[in-house]
Amino acid sequence: MHQPARWGLGAVAAGVTVIIGLDVAGLGEIDPLRRTISQHGLGPEGWIFGLGVALLAGGSAAICVSLTRRRLAGIVGTLTLALWSAGLFVAAWFPKQDWSLAPTLSGVLHRTGSFVAFLSLPIAAVVIARSWRRAERRGAALTAFASGLGSVLWVTGMGAMALYGAHNGLPWWRVMPLGLVERVLAVTEVAALIALGVWAAAHTPTLVRSPGVSQDGDEVAKELAKRLT
């Protein structure tokens, strides 16, 4: 297993576990249908939420490194996956705000980071895994592609609902059960991320031989070991 991908999957699992734990522990205080996940960042356990999101961002960055080193991501895939990680780091560092009050710099940065992250990952998953039919680990690549495509459709639906609300004079966060919608989107996007990580971890790079140069079994093994580290 490629080491950056292994570290990335471990960090993603830890971050998701932290966030789910906060969601479960806060069921009596935070309505998961209406309140977004970022609501946990406003309470006394805000630093725990920030840690969970930071772990998710760090794990995503490690998976991005693995996909890039194995030449699976391409320029667009690498850029969008890096934007997802950067957006998560911004959302983790700057807590959300109560939008019934005047906007603050922290609130604007948090919203911007979240928007960039949620928009970037679906694009990354679709672009990176679009060749899933020819992938070595077809199941993981197909899961990444399907989850990414589902996320794109979900984000499009959210945008359509927001436009509908604006047309009828309704605040965009009241047009839909925002907490539930965000959680479904988060689950779909994290599924795509994990599938990308599994694909990167399982991919075996193809060895290229120079013309006129023969390689015996030991040389091939050494070259493979070199590329896998």
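The structure contained in this document is the topic of the report that follows.

1. Considering the overall build of the chain
When helices and strands are counted, the chain shows seven helices and zero strands. In the chain, the succession of α and β elements from N to C terminus is α-α-α-α-α-α-α. When the 229 residues of the chain are sorted by exposure, 38% land in the buried category. In the chain, 73% of the contacts between residues at least 6 apart in sequence involve partners at least 24 apart.

2. Quick look at the packing of helix 1 (residues 3–25) against helix 2 (residues 46–69)
Interaxial distance between helix 1 and helix 2 falls to 7 Å at its minimum, and their mutual angle equals 155°. The angle between the axes of helix 1 and helix 2 places the two elements in the roughly antiparallel class. Considering how the two elements wind past one another, helix 1 and helix 2 form a crossing that is left-handed. Considered class by class, the residues forming the contact of helix 1 with helix 2 number 18 nonpolar, six polar and one charged.

3. Looking at the pattern of salt bridges
In total, this model carries one salt bridge according to the counting rule given. The closest approach of N and O atoms between R183 and D23, which form a salt bridge, is 2.9 Å. Within this pair, whereas R183 is found in helix 6 (residues 178–202), its partner D23 is found in helix 1, the two being separated by 160 residues in sequence. Using a relative accessible area of 12% as the deciding quantity, one classes R183 as buried.

4. Thoughts on the side chain of H40
When you line up the elements, H40 lands in the loop between helix 1 and helix 2. Reaching out from H40, the side chain makes a polar contact with the side chain of D23 at a distance of 2.7 Å. Setting aside residues no more than four positions away along its own chain, H40 makes contact with L22, D23, I30, E45, G46, F49 and R183.

5. Topic: helix 3 (residues 74–93)
The end-to-end C-alpha distance of helix 3 is 29 Å, a good match for the 28 Å that 20 residues give at a rise of 1.5 Å each. Turning to helix 3, its buried residues are G77, T80, L81, W84, S85, G87, L88, A91 and A92. Mapping the buried residues of helix 3 onto a view down its axis gives an arc of 160°, with all of them on the same face. Facing away from the buried side of helix 3 by more than 90 degrees, the exposed set consists of I75, L79 and W93. Here the buried face of helix 3 lies against helix 2, helix 4 (105–128) and helix 6.

6. Considerations on the environment of G150
With respect to the secondary-structure elements, G150 resides in helix 5 (residues 138–167). Overall, G150 belongs to the partly exposed group, its relative accessible area being 29%. The sequence separation of G150 and L185 amounts to 35 residues, and the corresponding C-alpha distance is 8.7 Å.

7. Section: the packing of helix 4 against helix 5
Contact pair helix 4 / helix 5: the axes reach a minimum separation of 7 Å and the direction vectors enclose 140°. By the angle class used here, helix 4 and helix 5 are oblique. Both helix 4 and helix 5 take part in a crossing whose hand is left-handed. Contacts between helix 4 and helix 5 involve F118, L119, P122, A125 and V126 on the former and, on the latter, A144, F145, G148, L149, S151, V152 and V155. A breakdown of the residues in the contact of helix 4 with helix 5 according to their chemical character gives ten nonpolar, two polar and no charged.

Criteria and thresholds
Residues numbered from 1 in each chain as written. Predicted model: local features only at pLDDT ≥ 70, side-chain atom pairs only at ≥ 80, totals over all residues. Heavy atoms only, no water. Helix = DSSP H or I, 4+ residues; strand = E, 2+ residues; numbered from the N terminus. Buried < 20%, exposed > 50% of the residue type's maximum accessible area, 1.4 Å probe, protein only. Contact = heavy atoms within 4.5 Å. Axes fitted to C-alpha atoms, helices over the stretch in contact; angles between N-to-C directions. Parallel < 35°, antiparallel > 145°, perpendicular 65-115°, else oblique. Left-handed = near helix turned anticlockwise from the far one by under 90°. Nonpolar A, V, L, I, M, F, W, Y, C, P; charged D, E, K, R; others polar. Salt bridge = Lys/Arg side-chain N within 4 Å of Asp/Glu carboxyl O. Polar contact = N/O pair within 3.5 Å; in protein donor to acceptor, adjacent residues only side chain to side chain. Expected span 1.5 Å × (residues − 1). Arc of directions from axis to C-beta.

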